[in-house]
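Here is how the chains run, residue by residue.
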Amino acid sequence: MPAYPENNRTWQILQAAERGGYAVPAFNCYNADGVLGSIKAAENLNAPAMVEIFPFSLHFHGPEFVKFAAAACHAAKVPIALHLDHCTLPADVYTALELPFDSIMVDASTEDPEANIEFVSKIVKMAEERGITIEAEMGRIQGGEDGVPTVDMEALYTEPEFAADFMQKTGVHYLAPSFGNIHGPYPPGGPEKYWQLDRLAKIKELNPTIPLVLHGAYPIIPDLYKKTVELGMRKVNLNRNLHDDYLDYLKENIGKVEMTGLQENSIALWVKEAERCIKMLGCDGKAGDVKPIV
Ligand SMILES: [Zn+2]
């Protein structure tokens with residue numbers, strides 16, 4: 001049995017991406033449709049992938065939904081990890097550590113730096129005992145996301161030197177940098193205007209072995225994504241773009257199509273968009289790169 005963190009599914013998926021120089025999508029799911037659609041897309045393209053949920057689902061759907069999502073991900077024909085995104089409240093982190101998540105994002109960036117290091121170090125230790133790995137946000141990724149509280153504060157970018165120190169002191173496995181990325185729709189000019197790729201390059205230079213995570217990736221701009229993948233992004237969180245066609249179909253067909261057809265047809269649109277993301281990030285056909293769990 002390999003030792004922690006080598007025996008962790010998210011770790012295996014993101015290390016393979018690091019070696020291969022590609023990124024893996026993390027699909028934000030709000031219900032069983034999303035979980036099933038994301039798994040189907042990954043299986044169709046023989047791709048590694050991640051399914052992630054918000055703490056919202058811990059409360060709204062409860063622990064049994066997490067167990068269902070984990071069982072579905074882990075039974076897939078390709079490596080799929082279950083991740084908890086933006087876990088802000090310590091109480092939610094402690095709840096999540098007792099559930100079958102492969103990884104958890106600890107979002108403690110609103111605390112002062114010393115308290116942040118202390119809290120995150122403690123969580124990493126607890127996670128290690130449970131075989132879970134940890135992603136942390138450095139700086140503050142602005143904006144609101146459905147399921148995440150809106151943040152109204154000035155942009156706080158990740159300082160590369162500080163990030164390196166933080167990663168070393170806490171033992172966090174994956175870093176979500178703030179380099180001008182924003183949750184939700186961007187103001188005029190879009191990501192092209194706001195993303196500081198030189199800052200991202202410096203962050204990677206000082207954290208060469210750490211897989212980076214891209215938040216605030218809407219709208220989808222394939223060429224810009226590719227640049228960030230070249231600069232070390234290994235996990236790309238995807239949310240709004242998955243819902244657009246799926247919800248439009250439901251809006252137009254609820255009450256007209258039977259429940260079975262409604263689910264089949266709407267999930268097919270989720271699958272189509274998820275497949276597009278997999279191809280864009282370059283992880284199609286890469287399932288075999290991920291070392292099997294012994
Ligand atoms: Zn995010």
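Values in this document were obtained by computation on a predicted structure and should not be read as measured data. (Residues numbered from 1 in each chain as written. Predicted model: local features only at pLDDT ≥ 70, side-chain atom pairs only at ≥ 80, totals over all residues. Heavy atoms only, no water.)

Participant: Please set out the pairing of strand β2 (residues 49-53) residue by residue, giving values where relevant.
Facilitator: Along β2, 5 of the 5 residues are buried, which leaves the element largely enclosed by surrounding structure. Going residue by residue along β2, you find Ala49, Val51 and Ile53 tucked away on one face and Met50 and Glu52 tucked away on the opposite face as well. For the segment spanning strand β1 (residues 24-28), helix α2 (residues 32-44) and β2, crossover handedness is right-handed. Alignment of β2 against strand β3 (residues 80-87), held across 5 bridges, turns out to be parallel. Following the sheet pairing, Ile53 is matched in β3 by Leu84. (Buried < 20%, exposed > 50% of the residue type's maximum accessible area, 1.4 Å probe, protein only. Helix = DSSP H or I, 4+ residues; strand = E, 2+ residues; numbered from the N terminus. Right-handed = clockwise from strand over helix to strand, strands pointing away. Pairing = 2+ DSSP bridges.)

Participant: Outline helix α9 (residues 197-206), listing residues and values.
Facilitator: Every buried residue of α9 is listed here: Arg199, Leu200, Ile203 and Lys204. In a view along the axis of α9, the buried residues occupy a sector of 135°, so they form one face of it. Exposed side of α9, more than 90 degrees from the buried face: Asp198 and Glu205 are the residues found there. Tucked into the core, α9 has its buried residues touching α1 (9-20), α7 (160-170), β6 (174-176), β7 (212-214), α10 (222-230) and β8 (233-238). (Arc of directions from axis to C-beta. Contact = heavy atoms within 4.5 Å.)

Participant: Tell me about the nonpolar core, and name the residues and values.
Facilitator: Grouped together as the largest cluster of nonpolar side chains are 96 residues, with contacts concentrated most on Phe27, Phe101, Ile104 and Tyr225. Per-element tally for this core: the top contributor is helix α12 (residues 259-281), with 9 residues. Discounting chain neighbours no more than four positions away, the residues touching Ile104 are His83, Leu84, Cys87, Ala96, Leu97, Ile132, Thr133, Ile134 and Glu135. (Core = buried A, V, L, I, M, F, W, Y, C linked by side-chain atoms within 4.5 Å.)

Participant: Report on the packing of aromatic side chains, specifying residues and quantitative values.
Facilitator: Inspection of the entire model under this criterion finds 7 aromatic pairs. Their ring planes at 40° and their centres at 6.4 Å tell us that Tyr186 and Tyr194 sit as a pair that is tilted. Feature note: the residues Phe179, Trp195 and Tyr225 constitute an aromatic cluster, connected by ring pairs. (Phe/Tyr/Trp six-rings, centres within 6.5 Å; stacked < 30°, edge-to-face > 60°.)

Participant: Residue-level account of the coordination of the zinc ion, with values.
Facilitator: Protein coordination at the zinc ion: the donors are His86 (NE2), His183 (NE2) and His215 (ND1), at 2.0 to 2.1 Å from the metal. All donors of the zinc ion belong to a single chain; written as a sequence motif, their spacing is H-x96-H-x31-H. Linking His86 in strand β3 with His183 in the loop between β6 and α8 (190-194), this pair joins segments that are 97 residues apart in sequence. Both residues of the pair, His86 and His183, belong to the buried class. (Donors = N, O, S within 2.8 Å, 3.2 Å for Na, K, Ca; no water.)

Participant: Before we move on, can you summarise the pairing of β3 with the specific residues and values?
Facilitator: Within β3, 8 of the 8 residues are buried, leaving the element largely enclosed by the surrounding structure. Across 3 bridges, β3 lies against strand β4 (residues 103-106) in parallel orientation. What sits directly across from His83, in β4, is Ser103.

Participant: Pulling in residues and values, what's your account of the packing of helix α6 (residues 113-130) against α7?
Facilitator: How two helices pack is summed up by the angle between their axes together with the distance between the axes. Taken N-terminus to C-terminus, the directions of α6 and α7 make an angle of 40°; their axes are 9 Å apart at the nearest point. By crossing handedness, the relation of α6 to α7 is classed as right-handed. The segment α6 lies against α7, with Pro113, Asn116, Ile117, Val120, Ser121 and Val124 engaging Phe162, Phe166, Lys169 and Thr170. Split by residue class, the contact of α6 with α7 holds 6 nonpolar, 3 polar and 1 charged. (Axes fitted to C-alpha atoms, helices over the stretch in contact; angles between N-to-C directions. Left-handed = near helix turned anticlockwise from the far one by under 90°. Nonpolar A, V, L, I, M, F, W, Y, C, P; charged D, E, K, R; others polar.)

Participant: So what's going on with the side chain of Glu135? Residues and values would help.
Facilitator: In this fold, Glu135 is placed in strand β5 (residues 133-137). Judged by relative accessible area, which is 0%, Glu135 ranks as buried. Here His215 takes part through its side chain, which lies 2.8 Å from a polar atom of the side chain of Glu135. (Polar contact = N/O pair within 3.5 Å; in protein donor to acceptor, adjacent residues only side chain to side chain.)

Participant: Describe unusual backbone geometry, with residues and values.
Facilitator: Omega for the bond connecting Tyr4 with Pro5 falls within 30 degrees of zero, at 0°, which places this linkage in the cis form. With omega at 5°, the peptide bond leading from Tyr218 into Pro219 counts as cis. By secondary structure assignment, the location of Pro219 is in the loop between β7 and α10. Even without being glycine, Asn46 reaches a positive phi, approximately 50°. Position of Asn46 relative to the elements: it lies in the loop between α2 and β2. Unusually for a residue other than glycine, His86 sits at a positive phi of about 45°.

Participant: So what's going on with the pattern of salt bridges? Which residues, and what values?
Facilitator: Applying the stated criterion across every chain, the model contains 13 salt bridges. Notably, a salt bridge pairs Arg234 with Glu18, separated by 3.4 Å at the nearest N-O pair. Placement of Arg234 in strand β8 and of Glu18 in helix α1 is noted, with a sequence separation of 216 residues between them. Taking the relative accessible area as the measure of exposure, Arg234 reaches 6% and is therefore buried. For Asp248, the salt bridge is made with Lys251, and the minimal N-O distance between the two is 3.3 Å. With Asp248 and Lys251 both in helix α11 (residues 240-253) and 3 residues apart, the pair spans about one turn of that helix. Here the salt bridges share partners, and the residues they tie into one network are Glu18, Lys204 and Arg234. (Salt bridge = Lys/Arg side-chain N within 4 Å of Asp/Glu carboxyl O.)

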